[in-house]
Amino acid sequence: MPDSSNSAAELLNSIPSIVDSENNIILRGRVKSAAEVVSDYRSLFNDDWAASRDRAIMQSMVDGNPPYSDARDRMMGYFGRTNVNWGLLTKAHRNGVMPYTDILDSMDNFGIIPIKPGYANEQERNLWEPVIAEELHRMITHWREFLINWQLKASYYWMWGAAFTFRDDSLDWRWRVENLQNLKMPRGTRASLNNLDRITCRVQMNPGELYAKIGDTPETEELARRAGWNPEAVKQACKNAHPKAMPTDDPEDMQAMWKDNSINSGNTALIVELVHEWVQEMDGTVSHYIADYLTQTQNNATQDFLYKKEGEYESMSALVNAYTNGVGTNGDIHSVRGEAYFLFQSAQAYNRLLCKFLDKSIEESNTYIQATGEDSINELAIRPRGPLVEITNGVEFVERRAPNVANSLVQSLDAIQGIFQVQSSGVAAGAGAAIDRGQKTKYELQRRDEMEGRLSSGTIGLFFRAWEEDYRTVAIRVTNPELQPEHPGGAEAFDFRARCIERGVPEEVLLNGLDFDNIQINMGIGKGSTAERRSTLDFLNASVYQRLDAEGQATLTRDTVASYTNARYARLLVPVQPNLRPPLDQQIANMENQLMSAPSLKMAVIEPNQNHIVHCQTHIESLQQDNQQLADQQVELQDIIPQMQLKSQHAGEHLQFIDPMDPRAKMFKEALQQFNEVITNGAKHVEAEQRKMEKAQAEGLEMPETEGTPQGVFARSVDAAARMESLMGSQKLEQQQLEFRQKLAFRDAEAAQKLRHQEAMLQIERAKKAQAVTRT
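Residues numbered from 1 in each chain as written. Predicted model: local features only at pLDDT ≥ 70, side-chain atom pairs only at ≥ 80, totals over all residues. Heavy atoms only, no water.

## Here's the deal with helix H12 (residues 339-365)
Taking 1.5 Å per residue, 27 residues should reach 39 Å; H12 reaches 38 Å between its end C-alpha atoms and fits that length. All of the buried residues along H12 are Glu339, Ala340, Leu343, Phe344, Ser346, Ala347, Gln348, Tyr350, Asn351, Leu354 and Cys355. (Helix = DSSP H or I, 4+ residues; strand = E, 2+ residues; numbered from the N terminus. Expected span 1.5 Å × (residues − 1). Buried < 20%, exposed > 50% of the residue type's maximum accessible area, 1.4 Å probe, protein only.)

This is the structure in structure tokens:
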């Protein structure tokens with residue numbers, strides 16, 4: 001029952017006021033005391049009590065409670081009838097939550113966080129963004145509480161259609177998961193949390209978990225105080241820790257205790273009960289308060305806040321994230337329903353019909369006898385004789401004509417089961433589905449897998465849209481410059497940064513260069529369904545594999561292996577090989593070099609949004625190759641100089657777009673100066689030769705022979721080649737050797753990739769055949 005101690009006046013006064021004692025509007029700091037936080041929670045708890053009772057009833061069926069009350073059956077004289085929960089809703093719940101966990105096996109990362117323009121070029125972004133995503137995925141999944149919180153969030157989302165995540169303070173990236181049992185908000189709240197006036201949440205922590213928020217040294221206490229914690233109040237709350245009491249006023253908590261067999265048990269863990277409250281201030285900001293639920297005081301002193309952060313956040317969604325499966329029937333968050341609500345009635349009807357069916361079966365299978373007299377009642381009329389039974393006189397067998405209700409009950413069971421399967425379609429595999437016998441073709445099996453394993457794209461899509469907000473919050477907080485290793489979650493965040501820096505990502509990019517507003521969330525292949533994921537990858541392998549480049553083929557093969565094993569094993573079989581796919585700007589620059597080397601000698605067009613560093617470097621490398629051919633006397637001067645003129649001019653135009661403070665700009669400028677000396681002297685000689693030929697043609701004389709490359713131009717070319725080698729130094733030589741090794745490795749990888757792909761396809765075919773044999 002609701003707590004009757006709160007009168008109507010107390011409930012009215014518990015609502016945060018927006019004016020002070022002098023009738024002035026309070027712009028910030030509407031909550032005055034810790035007791036007010038607890039009072040707000042109790043008010044909203046009482047408003048939600050009836051809905052909490054309904055959720056407890058549905059939870060009891062998922063937990064396996066029978067459809068009838070044994071106590072009531074004893075009282076009514078019905079005790080002894082079949083009263084069994086056959087687990088239809090329990091199985092649906094298990095199947096419905098499973099895809100949210102299975103999808104993790106196919107993911108290398110949760111999403112790509114783009115790097116802001118100006119912090120990296122295209123090639124650097126292609127290298128650093130996957131590193132950041134992989135290391136962030138590693139940090140999150142290695143958090144000890146991650147899998148528990150992920151499954152709990154999926155369970156609440158499936159059952160009630162709403163789950164919520166929040167964090168204890170403004171720095172910790174780790175989240176807590178709650179549902180409407182402990183997280184309370186005013187009735188009539190729209191599905192968007194940003195329109196809320198207040199949210200309250202009651203949580204239970206062990207004393208050590210709470211004490212870790214402030215640490216055990218003066219330095220950590222000072223850090224906690226700056227973050228918003230009150231060390232003295234936290235210590236007092238830890239001293240007030242108590243065994244968990246029986247929650248007689250909370251139907252859902254009572255049901256949980258029945259499930260855990262904790263009723264009448266006295267050996268419970270010590271807990272600290274806290275209440276969070278998030279309040280929308282009049283100036284548009286949101287404040288966060290934490291109070292001890294018991295609000296115990298000493299010496300009649302006012303209870304202090306454990307945590308207080310006024311006006312810290314710009315919106316409610318920055319504090320509390322809602323996972324809602326739709327907007328309900330009227331747009332209110334309390335009208336949103338989960339699958340437990342939609343499947344409860346049919347599962348309850350199925351349980352009762354099947355119990356009735358068993359009662360009738362037992363009744364019809366019994367043997368009925370009748371005594372012919374009083375003496376027969378007193379005597380033992382039926383005597384066992386080993387494998388035989390002796391029946392004396394005075395006993396008659398009764399032929400009882402019972403109505404045949406088995407057929408109607410079976411039809412009713414089939415109908416209810418069909419309704420249940422239709423209602424659970426797209427969210428869970430149907431329980432008790434009829435076995436489809438007979439040999440099936442490959443395409444029939446593939447289609448059946450798609451139908452049985454398909455998860456509603458709308459449901460999983462809404463879940464991952466909400467997860468995107470949590471993922472963004474995690475990324476923002478672990479790269480927050482104010483975070484220190486001593487803060488909760490700080491050690492893991494600094495390990496993440498160190499791993500990224502070790503793999504080449506600059507710290508400046510991590511702290512200031514990430515674009516959190518344009519995160520590309522990874523929803524996985526198949527939207528949580530293993531069968532659909534395999535079906536999709538099989539189609540891609542059969543239709544597009546041969547048309548992909550080496551990196552695309554490796555990615556497809558790796559995802560295919562992961563669909564039958566997991567992402568870690570797939571990386572072992574098909575490791576990631578960088579530089580298999582050159583940047584797009586490098587490909588364009590190579591095409592421009594070919595255009596400027598063609599007989600037509602067309603100048604390439606520069607676009608302002610191109611990667612000018614990649615273009616400039618590619619054109620200078622082509623100039624270096626042309627100059628080397630000239631120094632080796634492998635080409636004619638009049639053929640190569642016009643090409644070098646176009647490339648040098650084009651590279652010089654790209655150089656104008658590069659920051660002069662970039663050290664690469666200085667190297668490019670010096671390289672172009674070396675080549676321009678060769679080009680200028682060579683062009684003068686080509687022009688002189690051209691004038692001689694024109695003069696001879698005008699005078700009707702025989703065309704003079706070209707003199708070839710003059711000694712001065714040849715010397716300039718050799719000197720430029722030597723200076724370029726000196727300029728690039730050992731770094732350039734190593735780069736050339738690396739490119740050569742990459743070409744060899746690319747060829748080897750291409751051959752090995754084809755072999756691995758063939759082997760993977762053979763393994764997949766064997767697995768499919770084994771599954772087909774098992775099904776049939």
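## Digging into the nonpolar core
Core analysis: the largest hydrophobic core is formed by 100 residues, its most contacted members being Leu136, Phe164, Leu193 and Leu210. No other element matches helix H16 (residues 457-478), which puts 9 residues into this core. Once you skip the residues sitting within four places of it in the chain, Phe164 turns out to touch Arg176, Val177, Glu178, Asn179, Leu180, Leu183, Met185, Leu193, Val320, Asn321, Ala322 and Ile333. Listed in part, the 23 residues of the second largest apolar core include Leu630, Ala683, Val713 and Ala720. (Core = buried A, V, L, I, M, F, W, Y, C linked by side-chain atoms within 4.5 Å. Contact = heavy atoms within 4.5 Å.)

## Structural notes on the pattern of salt bridges
Taken as a whole and assessed by the stated rule, the structure comprises 24 salt bridges. Note that Glu209 is salt-bridged to Arg176, the shortest N-O span being 2.7 Å. Remark: Arg176 occurs in strand S3 (residues 176-178) and Glu209 occurs in helix H8 (residues 207-211); sequence separation between them is 33 residues. Residue class for Glu209 comes out partly exposed when judged on its relative accessible area of 33%. The exposure class assigned to Arg176 is buried, which follows from its relative accessible area of 16%. Of the charged contacts in the structure, one is a salt bridge between Glu677 and Arg716, with a shortest N-O distance of 3.1 Å. A residue pair is termed long-range when its members are at least 10 positions apart, and Glu677 in helix H25 (residues 663-699) and Arg716 in helix H26 (residues 711-775) qualify at 39 residues. Relative accessible area serves as the criterion here: at 34%, Glu677 is assigned to the partly exposed category. Shared partners join several salt bridges into a network, and the residues in it are Asp168, Asp172, Arg174, Arg176, Glu209 and Lys213. (Salt bridge = Lys/Arg side-chain N within 4 Å of Asp/Glu carboxyl O.)

## As for helix H3 (residues 49-62)
Helix length check: H3, at 14 residues, gives a terminal C-alpha distance of 20 Å against a target of 20 Å (1.5 Å per residue), a fit within 8%. Residues of H3 that are buried: Trp49, Ser52, Arg55, Ala56, Met58, Ser60, Met61 and Val62.

## Examining the packing of H3 against helix H5 (residues 88-102)
Two elements in contact, H3 and H5, have axes separated by 7 Å at closest approach and are oriented at 90°. Compared by their axis directions, H3 and H5 come out roughly perpendicular. Here Met58, Met61 and Val62 of H3 lie close against H5, whose contacting residues are Leu89, Thr90 and His93. Here the residues of the contact of H3 with H5 are counted per class, giving 4 nonpolar, 2 polar and no charged. (Axes fitted to C-alpha atoms, helices over the stretch in contact; angles between N-to-C directions. Parallel < 35°, antiparallel > 145°, perpendicular 65-115°, else oblique. Nonpolar A, V, L, I, M, F, W, Y, C, P; charged D, E, K, R; others polar.)

## A word on the packing of H5 against H12
Look at H5 against H12: their axes get within 9 Å of each other, and the N-to-C directions meet at 140°. With respect to H12, the axis of H5 lies oblique. Facing Leu88, Leu89 and Ala92 of H5, the residues of H12 in contact are Leu343, Ala347 and Tyr350. Per-class residue counts for the contact of H5 with H12 are 6 nonpolar, no polar and no charged.

## Quick word on the environment of Met591
Among the secondary structure elements, Met591 is positioned in helix H22 (residues 584-597). Remark: the alpha-carbon pair of Met591 and Ala604, spanning 13 residues in sequence, is separated by 9.3 Å.

## Some thoughts on the side chain of His487
In this structure, His487 sits in the loop between H16 and helix H17 (490-502). Setting aside its immediate chain neighbours within four residues, His487 contacts Leu171, Leu223 and Glu482.

## With respect to the packing of aromatic side chains
Within the structure shown, the criterion is met by 24 aromatic pairs. Ring plane angle 80° and centroid distance 6.1 Å describe the contact between Tyr100 and Tyr157, whose orientation is recorded as edge-to-face. Of this pair, Tyr100 sits in helix H5 while Tyr157 sits in helix H7 (residues 146-160); the two residues are 57 residues apart in sequence, bridging distant segments of the chain. Residue Tyr100 shares its accessibility class with Tyr157, and that shared class is buried. (Phe/Tyr/Trp six-rings, centres within 6.5 Å; stacked < 30°, edge-to-face > 60°.)

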